[in-house]
Structures are given as structure tokens and as C-alpha cells.
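# A structural walkthrough
Single-letter residue listing:
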Amino acid sequence: MPSPTPAPTPDAATGTAADRSARRAVTLFPLLVLGAGVLGFATPAAFDGWTSAVPYLLGAVMFTMGLTLTPPDFRGVLRRPWAVGVALLAQYAVMPGLGWLVAHALGLPPELAAGVVLVGCAPGGTASNVVTYLARGDVALSVSVTTVSTCLAPLVTPPLALLLAGEFLPVDAGSMMVDILRTVLLPVLGGLLVRRLAARRIAALVPVLPWLSALAIAVIVAVVVAASAGSLRAAAGAVMVAVVLHNGLGLALGYAAGRLAGLDAPARRALTFEVGMQNSGLAASLAAAQFSPLAALPAAVFSVWHNISGSLLAALFARSSRATAAPREGDTPDTPDTV
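Quick caveat: nothing in here was measured; it's all calculated off a predicted structure. (Residues numbered from 1 in each chain as written. Predicted model: local features only at pLDDT ≥ 70, side-chain atom pairs only at ≥ 80, totals over all residues. Heavy atoms only, no water.)

## A look at the layout of surface pockets
If a probe the size of a water molecule is rolled over the atoms, the empty space left behind becomes visible. One number sums up the size of the second largest pocket: a volume of about 290 Å³. Taken together, 15 residues line the second largest pocket, and the ones lying closest to its centre are L34, V225, A300, V301 and V304. Elements represented by at least two residues in the lining of the second largest pocket include exactly α2 (16-42), α11 (209-227), α12 (229-260) and α15 (297-321). With five residues, α15 is the largest single contributor of residues to the lining of the second largest pocket. For the lining of the second largest pocket, a count of residues per class yields 14 nonpolar, one polar and no charged. (1 Å grid on protein atoms, 1.4 Å probe; cavity = no way out; pocket = protein on both sides within 12 Å on 5 of 7 lines; lining within 4 Å. Points joined across faces, edges and corners; volume = space filled by probe spheres on them. Helix = DSSP H or I, 4+ residues; strand = E, 2+ residues; numbered from the N terminus. Nonpolar A, V, L, I, M, F, W, Y, C, P; charged D, E, K, R; others polar.)

## Considerations on the packing of helix α6 (residues 110-121) against α12
Between α6 and α12, the shortest axis-to-axis distance is 11 Å and the interhelical angle comes to 25°. Between α6 and α12, the crossing angle belongs to the class labelled roughly parallel. Between α6 and α12 the crossing geometry is right-handed. Between α6 and α12, the contacting residues are L112, V116, V119 and G120 on the first element and A235, V239, A242 and H246 on the second. (Axes fitted to C-alpha atoms, helices over the stretch in contact; angles between N-to-C directions. Parallel < 35°, antiparallel > 145°, perpendicular 65-115°, else oblique. Left-handed = near helix turned anticlockwise from the far one by under 90°. Contact = heavy atoms within 4.5 Å.)

## Things to note about the packing of aromatic side chains
For the coordinates displayed, the defined rule picks out three aromatic pairs. Ring geometry for F47 versus W50: centroids 5.1 Å apart, planes at 75°, classification edge-to-face. Residue classification places F47 among the buried positions, given a relative accessible area of 11%. A relative accessible area of 37% places W50 in the partly exposed class. Ring plane angle 85° and centroid distance 5.9 Å describe the contact between F273 and F317, whose orientation is recorded as edge-to-face. Placement of the pair is F273 in helix α13 (residues 265-276) and F317 in helix α15, with a sequence separation of 44 residues. Relative accessible area serves as the criterion here: at 14%, F317 is assigned to the buried category. Among the aromatic residues, those joined into a cluster by ring pairs are Y255, F273 and F317. (Phe/Tyr/Trp six-rings, centres within 6.5 Å; stacked < 30°, edge-to-face > 60°. Buried < 20%, exposed > 50% of the residue type's maximum accessible area, 1.4 Å probe, protein only.)

## Looking at unusual backbone geometry
For R136, which is not a glycine, the phi torsion comes out positive at approximately 60°. Checked against the element boundaries, R136 lands in the loop between α7 (127-134) and α8 (139-164).

## Looking at the pattern of salt bridges
Once the charged atoms of two side chains with opposite charge are near each other, the side chains can pair. By the definition in use, this model includes two salt bridges. For R80, the salt bridge is made with D138, and the minimal N-O distance between the two is 2.3 Å. Residue R80 is found in the loop between α4 (71-79) and α5 (81-106), and its partner D138 is found in the loop between α7 and α8; the two are separated by 58 residues along the sequence. Note that D179 and R182 form a salt bridge whose closest N and O atoms lie 2.6 Å from each other. Of the two residues, D179 and R182 both sit in helix α9 (residues 173-197), three residues apart, roughly one turn of that helix. The buried category is assigned to D179, whose relative accessible area is 11%. (Salt bridge = Lys/Arg side-chain N within 4 Å of Asp/Glu carboxyl O.)

Here's what the structure looks like:
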């Protein structure tokens, strides 16, 4: 997490402050989201009528993402097109296909099946950037892939959802594309523009942005859970199994894709999290708008689980590499959000 003034690199200051900040993010964000889910389940009436606010909350999350992006995040794509291309192909092939397979293997009802598939069709989440840092992975690659996959989402997510989720529920790809443009791409571009026009003032706010993002995601989860609280008891077990399988297989296949592509160890770790960790906030928003609150439940559960599994795997990666690899210069996470 960058500070108002340029943060020292890990080599210059042992990475202690950045490491503590990132660890707080991946520890506290899942707890915040879990608490929001419990609140939504326990007091569903308190969130009556809040469903219409979900796209605006997601827009706020994506606006904060735009505020944290810098030109090097985009230049990194041009410097390493092969690695970014492999990551994008794996991101948009592995997770949608896994979502479809998991939904069929578990015999999920149509609404939950469509929700699981939609999680897979979403772009990568920015929590992957923090987890990649903790894993001593290639943070620059992680940020570049997250940025590009988010920008491509309006063009890629709707046709994938139509192809795979359309088997379970009707999908209006045109309407979904408009929703993604309105709640994802435009806010990100707006954040980029504001940062360019007021860089110094925004820099002073950057440490607060991840917490604002986490709060917005927590409210989204509370609203989604509250809207489907009546069905949650019967569906909770199936949803949890589906999410754990989807996320776990995605992490494993992301690592395998990096190895098959001949990427180095830090890049393979980045690919692992870029593939296995999704923008579940977007998936929840689209599911609630396009399908039903019940269809958004897998995304709400994914919001909690992928941070837990990601941070545990990052600790294993870091432990295995600590004896042989020093932190990569400049690898401090820009956006420790929980999207």
C-alpha cells in the first residue's frame, strides 16, 4: 500500500511497513466481509430496498481502483506481452470453464449454477496484487494483468456468460455489457482522470482507499446475503463446496499454466492468484441485476473465501522461496482491495 510520499522499496527498508500493511489487508478484509454476511443474514429486513445500490457501490470500488493506477501499470503490458497474454488467456478460459464444470458436477440448481459460472467469467480481482506481494511473486505482472482483464471485461464477460451461464438461465449479453461499462470501465477511467488532474491530493488519500473499497464490498455482501437469507440455510453447503472447488482448482491450474508457458517462479506465483482470485464484487452485482439475489450468493461467499485461501497459499509460497530469493525491487502492492 503506497504512502502519501514515495514508499521505500523492500530492499531499501526491508519491506517491513509494506509487509505489515499488506498482511493487515488480507487478514482484516475477509473478517470484515464475513461480518457483513452474518449481519445480512441475521437482520435481512435492515437491508430491504438496498439491492438497487449494489451497482453504485461497485462503481465506487472501481473508481478507487482507477485512483491507484499509474502509467507503469500499463507500460508493463508492453514490456512483457507474452506473460500478460498467457495470464489473460488462462484467466478467461480456466475460471469460466471450471465454473461450468463445478456447477454440473454438483448438480446445482439453475440460479446457483449461473452464479458460479458468472464468478468464473469475471475479471481478476485486485486482492490478487496484495497476495502476490506476500507470496514474493511478480507484483508488476499481477497489477498489469488485473488492469488489462478489468478493461477487457465489457467485451469478454458477456459473451462468456451467454455461452456458459445461458444454459441455466436466460442471459442478456447486451444489457450485461452496458452494466459492466457503467459500473466498471467508466469508474476506472474516471479514477484515472482524477488522479491525473489532482495527483498530489490523491496521493494523500491513497492509504485510505483500500479500506473504503473493503467497506463497499462488505455492504454489497450484506445486501446480497440479506436478499437471499430465506434460501441460505438450504443452499449454504452447496455454495461453499462449489466456491472452494472453483477457487482451489483455479489456483492450481493458474500455477500449471505459468509452468507450461515457461515463466519464472515469481511470475508463476502471480499467475496462480490472477487466475484463482476473481472480481467477485462485479460478479455479485451482475448476478443480482441480471438474475436474482440467490444467483449472487456464490460471489458473496467467494469474496470471503478467495482472500483466505489466497493468503494461506501466499504464506506457503513465501516460505518456500525465502531461502533462495530476495524481494524484487519495487514490488510493493498498489491496491490491496478485496474486489
